Structures are given as structure tokens and as C-alpha cells.
Amino acid sequence: MKRLIFFILIVGIAITSIYLFSILTGAKEKDPEFYERNWAYDYLDIDSLHQKYELKGNGVKVSLIDTGVSKQITSTVDGINTINDSKDYDDDHGHGTHIAGILSSEEFGVAPEIDLYVAKALDSNLKGDINNIIDAIEWSIDKNVDVILMPFGTPKDNQDLKQMIDKAVEKDILVISSVGNFGVQKDVDVLFPAKYSNVIGVGAINKKGEIWKGTTQGDGLDVLLPGQFINSYSTTGENLVSSGTSMASAYMAGLASLYVQTNKSKNESKMNEKIWKFMEGNDRVEEYLILKPDMLLKEE
């Protein structure tokens, strides 16, 4: 009987210790269904990034240039509408809200503690004037952001766009964009701005770790991340599953935010130079890099 009581006491102490550890570290147990619904979160081992590395993007400023966000479900620091030069950056399409959920939501975001800035430069049809996009980048630069995410693209090169991106990179802002969802087709190339050499162009992989069939391939595709069947939010806050290189670019922006956080803590500069160096050490599918967070965040 004494042994039984002793055993029960030990088990009780162990359970209490685990509970207290969870409270102190902020760790929360997720059920298996969560990882089934959010396979990319599991694939990238986001829990480990948050708990082992203690990185959630705190102190990092990220600008999302898109269709805006649903302010009822997305926490932001500031925003602008460059279409009509107003402060109304509410999402009337849904793309921006879905991307923001992957990037910074408390539930399944890569970097839930970033300071999110939003520039609405795309309309309800997911279309935008190049001048509005340029204005959005300039606004982001003025806000001294660390990362700019543009989860869209155009087949047309534009020198004014290139010059504004160059200005951002000169200020050591990491610029990230999606390569496009046209797959491998004749006479179809990676979209701008992803195609620019100083922009991190992101394509998508599927659940099997293969290149997602919709990923536009070619010069300018720098890295691959999950982009098929990605769970996030609709503008009403309901779960919405979608596929595309835009979703993959949101993961890249989240991981880049964690990268900036860890380098800021060491007072490191030259973020652009360093992140390209670390990405080169990753595995490849065909000729393209698959980003592994551990490789990006490892100590030199």
C-alpha cells in the first residue's frame, strides 16, 4: 500500500511539473487533428521554433502588401490603402487575410509576435496598379520595416518597381515574393518582383515534399516551402484551405522574421547577405532549395 501511495505521489508530482512547465514556457499541447489540418505547421516544426529557439518574431516589423486584412481577426500596428490614399485597408477579397493568418496568427502563425504593417495595394479582384505597389513599398520603407512580403506578381518588368525594391534592399530590408502559380508551361516565366535577383522568390511544395504542380519554375525561384492545402482564415474568421505559392511565401516571411529576431538579438547587420548564405546550405528538390528552419536559424 505504501509503495502504491508513493507511486501515485510521484506521478502526481510529475504531472504537476509538466503543467507548471507548460504555464511558464507558454507551451500548449495541440491535438493530433491540429497537425493533420495544419500539415505545413508540422512539417516546419513551428512548435520547436517557438519553444526550443524561443522565437516568435518579437520586435520584428513586417509589411504585408496585398488586398488588406480583416481587422477583426488580424492584429496590426498600422496600415494604408494606396489604391485610394486612405487608412481603410480592410480586406475585400480574402487573399491578404489568409496570408496574414499563416504569417502571424496566434493559432498557427509562424511569427505571432511580429509588428504587422499592412499596405492594401490590390483590389477586390486581386488586381493592382504598379504605381500603387511602388507606393506601398515606399510606405513600408518609411516605416522602417525589416521584411516586406509581396505574395503576388506580374509578368512585366518595371524599372520604377525595381528601383524601389533596390532602395528597400539597400536599407537591409528582406524582400520576399511568390513566383506564380502557372506551373511548367512554355513561354511562362517566374513573375516579377520574385524574378529580381535581390528578392527571395518562393515556390511551393506539396505534402509529399515534391514541387507543387502549380509552382512556376525558372530563374528567380530561390526556395521552396509548403504551399498545398494550407489552412488559414477567411475574412469572417472561419478556416479556409487554399493552395499556391503565395502561401509558401507567407511561410518564408514568417521564417525570415524569426531569422531577423535572432540576428537582432546579436546586433548583427547585413541581413540580406547572411540569409542568402544560410539558404544555400539547404537540401534541394531537382535544382531548387527546400528551406529547413533549423538551417536558417543555426549558429554560425
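Before reading further, recall that the structure is shown in the block above.
Cut-offs applied
- Residues numbered from 1 in each chain as written.
- Predicted model: local features only at pLDDT ≥ 70, side-chain atom pairs only at ≥ 80, totals over all residues.
- Heavy atoms only, no water.
- Helix = DSSP H or I, 4+ residues; strand = E, 2+ residues; numbered from the N terminus.
- Buried < 20%, exposed > 50% of the residue type's maximum accessible area, 1.4 Å probe, protein only.
- Areas by Shrake-Rupley, 256 points an atom, 1.4 Å probe, with all protein chains shown as cover.
- Pairing = 2+ DSSP bridges.
- Contact = heavy atoms within 4.5 Å.
- Axes fitted to C-alpha atoms, helices over the stretch in contact; angles between N-to-C directions.
- Parallel < 35°, antiparallel > 145°, perpendicular 65-115°, else oblique.
- Left-handed = near helix turned anticlockwise from the far one by under 90°.
- Nonpolar A, V, L, I, M, F, W, Y, C, P; charged D, E, K, R; others polar.
- Core = buried A, V, L, I, M, F, W, Y, C linked by side-chain atoms within 4.5 Å.
- Salt bridge = Lys/Arg side-chain N within 4 Å of Asp/Glu carboxyl O.

K.L.:
Hey, could you run me through the overall build of the protein in this one?
P.N.:
Within the protein one finds 10 helices and 11 strands. Taking all 300 residues of the protein together, the buried fraction comes to 53%. For the protein, the exposed area adds up to about 14600 Å²; of that, 50% sits on carbon and sulfur atoms.

K.L.:
Looking at this model, I keep getting lost on the sheet that holds strand S2 (residues 78–81). Mind explaining?
P.N.:
The strands that make up a sheet are held in pairs by hydrogen bonds between backbone atoms, and each pair lies either parallel or antiparallel. If you trace the 9 strands from one edge of the open sheet to the other, you get S2-S3-S1-S4-S5-S6-S7-S11-S10, paired in mixed fashion. Only two strands of the sheet have a single neighbouring strand rather than two, namely S2 and strand S10 (284–285). Sheet topology places strand S1 (residues 61–66) next to strand S4 (residues 147–150); 3 bridges connect them, and they run parallel. The residue of S4 that forms the bridge with Leu64 is Leu149. Across the face of the sheet, helix H5 (residues 95–104) comes into contact with S1, strand S3 (115–120) and S4 while running at roughly 155 degrees to S1. Taken strand by strand, helix H6 (residues 130–142) contacts S1, S2, S3 and S4, and its axis lies near 170 degrees from that of S1.

K.L.:
Teacher, can you tell me more about the packing of H5 against helix H8 (residues 245–264) here?
P.N.:
In a pair of packed helices, the angle between the axes and the distance between the axes together describe the arrangement. Interaxial distance between H5 and H8 falls to 8 Å at its minimum, and their mutual angle equals 40 degrees. On the basis of the axis angle, H5 is oblique to H8. Considering only the axes of H5 and H8, their crossing is right-handed. Of the residues in H8, those in contact with His95, His98, Ile99, Ile102 and Leu103 of H5 are Ser246, Met247, Ala250, Tyr251, Ala253 and Gly254. Of the residues contributing to the contact of H5 with H8, the split by class is 7 nonpolar, 4 polar and no charged.

K.L.:
I tried to follow the pairing of strand S9 (residues 239–242) on my own but got confused; where do I start?
P.N.:
Consecutive side chains of a regular strand alternate in pointing toward one face of the sheet and then the other. Pairing geometry for strand S8 (residues 230–233) and S9, over 4 bridges, is antiparallel. Residue Ser232 lies in a different strand from S9, and its bridge partner there is Leu240. Remark: 5 residues form the turn of the hairpin made by S8 and S9, two consecutive strands paired antiparallel; Gly237 in that turn has positive phi of roughly 90 degrees.

K.L.:
What am I meant to see in the nonpolar core here?
P.N.:
Grouped burial of nonpolar side chains is what soluble globular proteins tend to show. Counting 54 residues, the largest nonpolar core has Ile176, Leu225, Met252 and Tyr259 as its most contacted members. When residues in this core are grouped by element, the largest group, 11 residues, is from H8. Here Leu225 is in contact with Leu44, Val202, Gly203, Ala204, Ile205, Ala248, Tyr251, Met252, Leu255 and Leu291, once residues within four sequence places are set aside. Counting residues in each nonpolar core, the second largest holds 26 residues, with Tyr117, Ile134, Ala168 and Tyr196 among its members.

K.L.:
Would you take a moment to explain the pattern of salt bridges for this structure?
P.N.:
Where charged atoms from two side chains of opposite charge come close, those side chains can pair. Under the definition given, this model contains 7 salt bridges. Of the charged contacts, one joins Lys30 and Asp47 as a salt bridge, the two residues approaching to 2.9 Å between their closest N and O atoms. Taken together, the positions of Lys30 in the loop between helix H1 (2–25) and helix H2 (32–37) and Asp47 in helix H4 (residues 46–51) put the pair 17 residues apart, joining distant regions of the chain. Note that Lys87 and Asp78 form a salt bridge whose closest N and O atoms lie 2.7 Å from each other.

K.L.:
I tried to follow the environment of Leu44 on my own but got confused; where do I start?
P.N.:
You can see Leu44 is positioned in the loop between helix H3 (39–43) and H4. With relative accessibility at 3%, the residue Leu44 sits in the buried group. Distance from Leu44 to Leu225, taken between C-alpha atoms, is 8.8 Å for residues 181 residues apart in sequence. Excluding residues within four positions of it along the chain, Leu44 makes contact with Leu49, Leu225, Pro226, Tyr251, Leu291 and Pro293.

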